[in-house]
Amino acid sequence: MSDTAQTSIVVIEDEPEIRKFLKAILTSHDYNPTFAETAKEGIKLISAHPPEIIILDLGLPDMDGIDVIKNLREWSTVPIIVLSARGQEKDKVTALELGADDYLTKPFSSAELLARLKVALRHAQNHSQQSSVFEIGDIKVDLERRQVLMKGQEIHLTPTEYKLFTTLVKHAGKVVTHTQLLKEVWGKNSNENSHYLRIYTQHLRQKLGDNPMQPKYIFTEAGIGYRLKL
Ligand code: CA
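Model, not experiment: these values are computed from the prediction.

This part takes up the overall build of the protein. Looking only at helices and strands, the protein has eight helices and twelve strands in total. Within the span of the protein, comprising 230 residues, buried residues form 42% of the whole. Nonlocal contacts in the protein, meaning residues at least 24 apart in sequence, comprise 58% of its contacts between residues at least 6 apart. Just so you have it, the protein exposes about 12900 Å², and 49% of that area is on carbon and sulfur atoms. On the protein, the mean spot of the 29 positive side-chain charges and the mean spot of the 30 negative ones are 5 Å from each other.

Now the structure itself:
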């Protein structure tokens, strides 16, 4: 990304006045915005051409903005700034806990907007250009379609196996600790389920045809967790 390149941004907002306001500010500040009026349209845009940042209104006609964040965070790390009405503090907290990067309370000023965008982009510099499709050796994972292919053949994973695998995929190349995996896959009270992690990893390796003694994909980091080889 050169200094002169425009920053691509997808705005999901159903209110025409706010879209107009955003368009005026963004286009005059080196942003290249694309607009969607519905959640469905926005998700489609983002998966087709992953932008560098997303502005998401929480109150959309076809889907709750919170559910849009959930969907996006299954396959994308593109920073999300949510737009929320005053008084919806609970929604903001939920949005942030689900992986939104920041929020703006309507009505907001152009200075506030530009400051939030700048900070979120700075934090995300190492995470841009994220795709919903991953290829690891003979395995292809399409997070948007929830599909895992081995040499073009679909591997059927249970929801738990899929969750476990995609958690590793999202952190491919990095070690993921037992605690992180348990929290991601089993959620709260996950420590009670710690023995399941070993069992499900075993199942997953079997389905991937991975030999734990000579792994190609899932490596055990003794006492720490697991690592999916890039
Ligand atoms: Ca709205």
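Direction of pairing for strand E4 (residues 80-85) relative to strand E5 (residues 102-106): parallel, over a ladder of five bridges. Following the sheet pairing, Val82 is matched in E5 by Tyr103. Note on the crossover from E4 through helix H4 (residues 89-97) to E5: the handedness is right-handed.

Looking now at the sheet that holds strand E8 (residues 147-150). Read across the open sheet, the four strands follow the order E6-E7-E8-E9; overall the sheet is antiparallel. Looking at which strands have only one partner, the edges of the open sheet turn out to be strand E6 (133-136) and strand E9 (153-154). In this fold helix H6 (residues 159-170) packs onto E6, strand E7 (139-142) and E8, with an angle of close to 100 degrees to the strand it touches most, E7.

Here we come to the nonpolar core. Counting 47 residues, the largest nonpolar core has Leu56, Phe165 and Leu228 as the members making the most contacts within it. For this core, the element with the most residues is H6, which contributes five residues. Mapped onto the domain boundaries, this core takes at least three residues apiece from domain 1 (4-128) and domain 2 (132-228). If near-sequence neighbours (up to four positions away) are discounted, Leu56 is found in contact with Ile12, Gly65, Val68, Ile69, Ile80, Ile81, Val82 and Leu83. The next biggest cluster of nonpolar side chains, apart from the first, holds 18 residues, and it includes Tyr31, Ile55, Leu104 and Ala120.

Turning to the environment of Leu181, a few remarks are in order. Residue placement: Leu181 occurs in helix H7 (residues 178-186). When its relative accessible area of 0% is taken as the criterion, Leu181 is described as buried. Here the alpha-carbon distance between Leu181 and Tyr217, two residues 36 residues apart in the chain, equals 16 Å. Leave out the neighbours within four places in its chain, and Leu181 touches Leu164, Thr167, Leu168, Val176, Trp186, Leu197 and Tyr226.

What follows is about the domain arrangement of the protein. Domain annotation of the protein identifies domain 1 (4-128) and domain 2 (132-228). Each partner contributes residues to the interface: domain 1 has four residues there, and domain 2 has five residues. Buried surface at the junction of domain 1 and domain 2, both sides included, amounts to about 460 Å², of which 47% is carbon and sulfur. There are one salt bridge connecting domain 1 and domain 2. Arg146 is the salt-bridge partner of Glu74, the closest N and O atoms lying 2.9 Å from each other. Taken together, domain 1 and domain 2 are joined by two residue pairs in polar contact (both at pLDDT 80 or more). A breakdown of the residues in the side of domain 1 that touches domain 2 according to their chemical character gives one nonpolar, one polar and two charged.

This part takes up the packing of H6 against H7. Pairs of packed helices are described in terms of their axes, by the angle between the two and the distance that separates them. One way to put it is that H6 packs onto H7 with a least axis distance of 9 Å and a crossing angle of 135 degrees. As judged from the angle between their axes, H6 and H7 are oblique. Remark: the crossing between H6 and H7 carries right-handed chirality. Contact with H6, carried on its side by Thr160, Lys163, Leu164, Thr167 and Leu168, involves Leu181, Glu184, Val185 and Trp186 of H7 and no other residues of that element.

Now for the environment of His156. With respect to the element layout, His156 can be found in the loop between E9 and H6. Judged by its relative accessible area of 59%, His156 falls in the exposed class. Taking the C-alpha atoms as reference points, His156 and Leu208, 52 residues apart in sequence, are found 10.0 Å from one another. Discounting chain neighbours no more than four positions away, the residues touching His156 are Glu161 and Lys207.

Calculation notes
- Residues numbered from 1 in each chain as written.
- Predicted model: local features only at pLDDT ≥ 70, side-chain atom pairs only at ≥ 80, totals over all residues.
- Heavy atoms only, no water.
- Helix = DSSP H or I, 4+ residues; strand = E, 2+ residues; numbered from the N terminus.
- Buried < 20%, exposed > 50% of the residue type's maximum accessible area, 1.4 Å probe, protein only.
- Contact = heavy atoms within 4.5 Å.
- Areas by Shrake-Rupley, 256 points an atom, 1.4 Å probe, with all protein chains shown as cover.
- Lys, Arg positive; Asp, Glu negative; His and termini not counted.
- Charge placed at Lys NZ, Arg CZ, Asp CG, Glu CD.
- Pairing = 2+ DSSP bridges.
- Right-handed = clockwise from strand over helix to strand, strands pointing away.
- Axes fitted to C-alpha atoms, helices over the stretch in contact; angles between N-to-C directions.
- Core = buried A, V, L, I, M, F, W, Y, C linked by side-chain atoms within 4.5 Å.
- Domains from an automatic or database assignment.
- Buried area = accessible area lost by both parts, 1.4 Å probe.
- Salt bridge = Lys/Arg side-chain N within 4 Å of Asp/Glu carboxyl O.
- Polar contact = N/O pair within 3.5 Å; in protein donor to acceptor, adjacent residues only side chain to side chain.
- Nonpolar A, V, L, I, M, F, W, Y, C, P; charged D, E, K, R; others polar.
- Parallel < 35°, antiparallel > 145°, perpendicular 65-115°, else oblique.
- Left-handed = near helix turned anticlockwise from the far one by under 90°.

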